[in-house]
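Read off the chains here:
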Amino acid sequence: MSATPRSTRSKPKNPGSQSALRQLNQQRIIESLMGGPSTQAELARQTGLSTATVSNIVKIMLDSGLASTEPITSSGRRALNVRLNSNGAVAVGIDFGRRHLRVVLASLSYHVIAEESVMLPLGHQAEEGIRAAVALLDKLLAESGTERASVVGAGVGIPGPIDRRSGTVAQGAILPEWVGINILQHLEETLRIPVFIDNDANLGAWSEVTWGQHTGVSNLLFMKIGSGIGAGLILNGAPYYGNVGITGEIGHATIHEQGLVCRCGNRGCLETIASTTTMIELLSRGEDRPLTPADIVRKALSRDPATLRVVDDAGLAVGRALGNVANLINPEVIVVGGPLAGLGDLLLDPIRRGLIRHAVPVIGETTTLTMSSLGDRAEALGAAALVFQHAGIRKT
């Protein structure tokens, strides 16, 4: 991976309590076992814990089904090799949106143990979103019977640029109330587990090469079309972050120089033409309530003329922007995701026309354009995969 998200371990709120100490020690043993099976003596050396402590925690993990053992011979002596079961290490994926929150729990075998999404109020503050995430995580852990000590980390997606030097949300985020906040620090202090943060589009791209249908693809572009528009890049098999982590801001590519003023301060950005916010504004005129992205999908599938025109215009603009990017990086696959994925070819066809029109012919002809099969789960699944990726665990 060309760049690595900063990660810090937060201390338990009451580090002196027996339960907090046991949880911390169990997490240390789990992290060691994520690299492969080890004997109890090896675990003691790797973690710095006493052999008695290791033995007690391994027994607890055996009783709860988190680990299993097998007899081996080590240095001429009989020993027990400790191995994590598939549910012995759990990753959390958290996806914050402008109006939604999704949390998933995933096992080592890349199996979703539990997941749920809830709505968040428009314009919510960071503290409000974090509280909701903690509450939802606690609920999923309880309902799935997952021990908190088996959680090895949380990946978190934010709909906006992340300055990787400081872990803060940078100007231009769809959640302006979060700008300037060190979201990494806030989450680590609240969740009390290692946290890895990233832009949601980057996590969408990562999900496609871990959970999705493109695990063998080395050069992929994931484009999320939602309230904002962003792209995540997998180049030569690794996520690409550039200098300070602010890449893929394709939503601010200029399409019409004299177009509408964008929230970034420029005119005619792609977001002012093709975001769901713009589509909703155009199509809600004359309606008794503002439409939702789901309404756009429903109306387009029912062949509503105005909706089809808005979707077609948006798709052509997206294709034009993608053509310019494709000319630069020559991706093998471009995946379109976000809440409009249900449109299928109604959105892909105009995007493809725009791509072919503005890309060099050989690039337009050899680039696969497809809709994400992961739907609105892509970013949360990518966030969970990010945790395992940092531990060196690949999907088998």
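Residues numbered from 1 in each chain as written. Predicted model: local features only at pLDDT ≥ 70, side-chain atom pairs only at ≥ 80, totals over all residues. Heavy atoms only, no water.

1. Structural notes on the domain arrangement of the protein
Here comes step 1: Along its sequence, the protein is organised into domain 1 (32-75), domain 2 (90-206 + 378-391) and domain 3 (215-373).
Here comes step 2: Relative to domain 3, the C-alpha centre of domain 1 lies at a distance of 49 Å. (Domains from an automatic or database assignment.)

2. Examining the pattern of salt bridges
It is possible for side chains of opposite charge to pair when their charged atoms get near one another.
Here comes step 1: Evaluated as defined, the whole model comprises 16 salt bridges.
Here comes step 2: In this structure, the salt-bridge partner of Arg-165 is Asp-163, at a minimum N-O distance of 2.7 Å.
Here comes step 3: Look at Asp-163 and you get buried, because its relative accessible area is 11%.
Here comes step 4: With a closest N to O distance of 3.0 Å, Asp-295 and Arg-289 form a salt bridge.
Here comes step 5: Within this structure, Arg-102, Glu-115, Asp-376 and Arg-377 form a network of salt bridges that share partners. (Salt bridge = Lys/Arg side-chain N within 4 Å of Asp/Glu carboxyl O. Buried < 20%, exposed > 50% of the residue type's maximum accessible area, 1.4 Å probe, protein only.)

3. Concerning the sheet that holds strand β4 (residues 90-96)
Here comes step 1: Spatial ordering of the open sheet is given by β6-β5-β4-β7-β10, a layout of five strands whose pairing is mixed. At either end of the open sheet lies a strand with only one pairing partner, and these are β6 (112-119) and β10 (195-199). In this sheet, neighbouring strand axes are inclined to one another by 15 degrees on average, regardless of whether the strands run parallel or antiparallel.
Here comes step 2: Relative to strand β5 (residues 100-106), β4 runs antiparallel, the two sharing six bridges. Bridge pairing links Ala-91 to Ala-106 in β5.
Here comes step 3: Running over the sheet, helix α5 (residues 183-191) touches β4, β7 (151-158) and β10 and is turned about 145 degrees from β10. (Pairing = 2+ DSSP bridges. Helix = DSSP H or I, 4+ residues; strand = E, 2+ residues; numbered from the N terminus. Axes fitted to C-alpha atoms, helices over the stretch in contact; angles between N-to-C directions. Contact = heavy atoms within 4.5 Å.)

4. Observations regarding the sheet that holds strand β15 (residues 368-371)
Here comes step 1: A sheet is described by the order of its strands in space; here five strands give the open sequence β13-β12-β11-β14-β15, paired in mixed fashion. The open sheet has two edge strands with one neighbour each: β13 (238-239) and β15.
Here comes step 2: Here strand β12 (residues 229-235) pairs with β13 via two bridges, running antiparallel. Along β13, the bridge assignment pairs Leu-235 with Ala-238.
Here comes step 3: Along the sheet, helix α10 (residues 305-329) makes contact with β11 (220-225), β12 and β14 (333-337), crossing β11 at roughly 160 degrees.
Here comes step 4: Those strands touched by helix α11 (residues 345-358) are β11, β14 and β15, and its axis lies near 155 degrees from that of β15.

5. A look at the packing of aromatic side chains
Here comes step 1: In this structure the tally under the stated criterion is three aromatic pairs.
Here comes step 2: Where Tyr-110 meets Phe-388, the ring centres are 5.5 Å apart and the plane angle is 50 degrees; that geometry is what we call tilted. Here Phe-388 lies in helix α13 (residues 378-390) and Tyr-110 lies in the loop between β5 and β6, a separation of 278 residues in the sequence. Assigned by exposure class, Tyr-110 and Phe-388 land together as buried.
Here comes step 3: Joined through ring pairs, the aromatic side chains of Tyr-110, Trp-211 and Phe-388 make up one cluster.
Here comes step 4: It is Arg-164 that lies over the ring of Tyr-241; its NZ or CZ is 3.7 Å from the centre. (Phe/Tyr/Trp six-rings, centres within 6.5 Å; stacked < 30°, edge-to-face > 60°. Lys NZ or Arg CZ within 6 Å of the ring centre and 35° of its normal.)

6. Regarding the nonpolar core
Here comes step 1: In terms of nonpolar packing, the biggest core is built from 45 residues, with Ile-29, Met-34, Met-61, Leu-84, Trp-211 and Leu-220 touching the most fellow members.
Here comes step 2: The dominant element in this core, judged by the number of residues it contributes, is α13, at nine residues.
Here comes step 3: The residues touching Met-61, leaving out its near neighbours within four places in the chain, are Gln-26, Ile-29, Ile-30, Leu-33, Leu-66, Ala-67 and Leu-84. (Core = buried A, V, L, I, M, F, W, Y, C linked by side-chain atoms within 4.5 Å.)

7. Considerations on the confidence of the model for the protein
Here comes step 1: When pLDDT is averaged along the protein, the result is 88; 92% of the residues meet or exceed 70.
Here comes step 2: Counting contacts from residues 1-13, a segment whose pLDDT is below 50, to residues more than four positions away or on other chains yields 39 contacts. (pLDDT = per-residue confidence, 0-100.)

8. A word on the packing of α10 against α11
Two packed helices can be described by the angle between their axes and the distance between those axes.
Here comes step 1: Axis separation between α10 and α11 bottoms out at 6 Å; the angle between their running directions is 40 degrees. With respect to α11, the element α10 is oriented oblique. The way α10 lies across α11 gives a crossing that is right-handed.
Here comes step 2: Taken together, the residues of the contact of α10 with α11 break down into eleven nonpolar, seven polar and four charged. (Parallel < 35°, antiparallel > 145°, perpendicular 65-115°, else oblique. Left-handed = near helix turned anticlockwise from the far one by under 90°. Nonpolar A, V, L, I, M, F, W, Y, C, P; charged D, E, K, R; others polar.)

9. Considering the environment of Arg-102
Here comes step 1: Tracing the sequence through the fold places Arg-102 in strand β5.
Here comes step 2: The spacing of Arg-102 and Leu-343 is 241 residues in sequence and 22 Å in space, taken between C-alpha atoms.
Here comes step 3: Residues in contact with Arg-102, not counting those within four places in the same chain, are Gly-93, Ile-94, Asp-95, Glu-115, Glu-116, Ser-117, Asp-376, Arg-377 and Ala-380.
Here comes step 4: Engagement of the side chain of Arg-102 in a polar contact is seen with the side chain of Glu-115, the distance being 3.2 Å. (Polar contact = N/O pair within 3.5 Å; in protein donor to acceptor, adjacent residues only side chain to side chain.)

10. Concerning the environment of Val-360
Here comes step 1: With respect to the helices and strands, the residue Val-360 is situated in the loop between α11 and α12 (361-366).
Here comes step 2: Exposure remark for Val-360: the relative accessible area of 40% places this residue in the partly exposed category.
Here comes step 3: Measuring from C-alpha to C-alpha, the distance between Val-360 and Asn-324 comes to 8.9 Å, with 36 residues separating the pair along the chain.

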